[in-house]
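Here is what each chain is made of, one letter per residue.
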Amino acid sequence: MSARGQDGPDAADAAIKRWDGLRLVGQRDFPGIAQSVGAARKWVLELLDGHATAEALETLELLVSEVVTNAVLHSDSARPGGLVTVRVGLGDSLIHIEVIDAGSATSAPAIRTTDDDSLSGRGLSWVNLLASTWGSSQTEETGGTVWFQLGQSPSHQDTIPPPSR
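Residues numbered from 1 in each chain as written. Predicted model: local features only at pLDDT ≥ 70, side-chain atom pairs only at ≥ 80, totals over all residues. Heavy atoms only, no water.

## Here we look at helix H2 (residues 35-48)
Piece 1. Here H2 is 14 residues long and its end C-alpha atoms lie 21 Å apart, about the 20 Å a rise of 1.5 Å per residue gives.
Piece 2. Listed in full, the buried residues belonging to H2 are Ser36, Val37, Ala40, Trp43, Val44, Leu45, Leu47 and Leu48.
Piece 3. Backbone geometry just after H2 places Gly50 at a positive phi near 85°. (Helix = DSSP H or I, 4+ residues; strand = E, 2+ residues; numbered from the N terminus. Expected span 1.5 Å × (residues − 1). Buried < 20%, exposed > 50% of the residue type's maximum accessible area, 1.4 Å probe, protein only.)

## Here's the deal with the packing of aromatic side chains
Any pair of aromatic rings gets described here by the distance separating the centres and the angle formed by the planes.
Piece 1. Following the criterion strictly, the structure yields 1 aromatic pair and no others.
Piece 2. Seen from their ring centres, Phe30 and Trp43 are 6.2 Å apart, and the 65° between their planes marks the pair as edge-to-face. One end of the pair, Phe30, is in strand E2 (residues 23-31); the other, Trp43, is in helix H2, with 13 residues separating them in the sequence. Exposure class is identical for Phe30 and Trp43. Each is buried. (Phe/Tyr/Trp six-rings, centres within 6.5 Å; stacked < 30°, edge-to-face > 60°.)

## Some details on the packing of H2 against helix H3 (residues 54-74)
Piece 1. In contact at an axis separation of 9 Å, H2 and H3 are set at 145° when each is read in the N-to-C sense. Note on packing geometry: the crossing formed by H2 with H3 is right-handed. Together, Ser36, Val37, Ala40, Arg41, Val44, Leu45 and Leu48 of H2 and Leu57, Leu60, Glu61, Val64, Ser65, Val68 and Thr69 of H3 make up the contact between the two elements. (Axes fitted to C-alpha atoms, helices over the stretch in contact; angles between N-to-C directions. Left-handed = near helix turned anticlockwise from the far one by under 90°. Contact = heavy atoms within 4.5 Å.)

## Quick look at the pattern of salt bridges
Piece 1. Going through the model one piece at a time under the given rule, you end up with 4 salt bridges.
Piece 2. Measuring nitrogen to oxygen at the nearest pair gives 2.6 Å for the salt bridge that ties Arg18 to Glu98. Placement of the pair is Arg18 in helix H1 (residues 9-19) and Glu98 in strand E4 (residues 94-101), with a sequence separation of 80 residues. You'll find Arg18 and Glu98 in the same group, each marked buried.
Piece 3. Taking the shortest distance from any N to any O, the salt bridge between Arg79 and Asp76 comes out at 3.8 Å.
Piece 4. Put simply, Arg18, Arg87 and Glu98 are held in one network by salt bridges that share partners. (Salt bridge = Lys/Arg side-chain N within 4 Å of Asp/Glu carboxyl O.)

## Looking at the pairing of E4
Piece 1. Burial within E4 is extensive, with 7 of its 8 residues counted as buried.
Piece 2. Once strand E3 (residues 83-91) ends, the chain turns through 2 residues before running back antiparallel as E4, passing Asp92 with a positive phi of about 50°. (Pairing = 2+ DSSP bridges.)

## Regarding a nonpolar patch on the surface
Piece 1. Taken together, the side chains of Trp126, Leu129 and Leu130 make up a nonpolar region of the molecular surface, amounting to roughly 290 Å² of accessible area.
Piece 2. Mapped onto the elements, Leu129 comes out in helix H4 (residues 123-130).
Piece 3. Residue Leu129 is classed as exposed on the basis of its relative accessible area, which comes to 60%. (Patch = residues over 30% accessible without salt bridge, like charges linked within 9 Å, V, L, I, M, F, W, Y side chains within 5 Å. Areas by Shrake-Rupley, 256 points an atom, 1.4 Å probe, with all protein chains shown as cover.)

## Considering the environment of Phe148
Piece 1. As for its position among the elements, Phe148 is in strand E6 (residues 143-151).
Piece 2. Sequence separation between Phe148 and Ile97 is 51 residues; the distance between their C-alpha atoms is 5.5 Å.
Piece 3. Apart from the residues within four sequence positions on either side, Phe148 is in contact with Leu60, Leu63, Val64, Val67, Ile95, His96, Ile97, Val127, Ala131, Thr133 and Trp134.

In structure tokens:
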């Protein structure tokens, strides 16, 4: 199941609804540069190590890389001083990831059609395929957000890590 992007005042309501029942366990800002992709991926994996299945961590490794890469390449966060924020939430057997960037006046997150010879353009296709649900929004006030959720077994739900920054 996947969600479509939302713009405007409904985006704030949608953000509140998607966090319902979730607990924020970490939030961190990264510079809007290519090196931040690996740093964000490592941070998420370390934050959730021991609190998610090995399969979920493997999937997160790919999806966080793809979404942070898109934020760095396709948003105004790549401008000098730009930031990409990653938020991690847990709850109700779900892992929730949000990647927030400065947005863009010229592009919005979208699944692209690719062929076997394409060297890029598969990031959101992977998110659509592997995440339980996902979506995106873009507003002038908050910039762009791409979020996704992965299901995990309830046994890993019991040990939610403390909030970190």
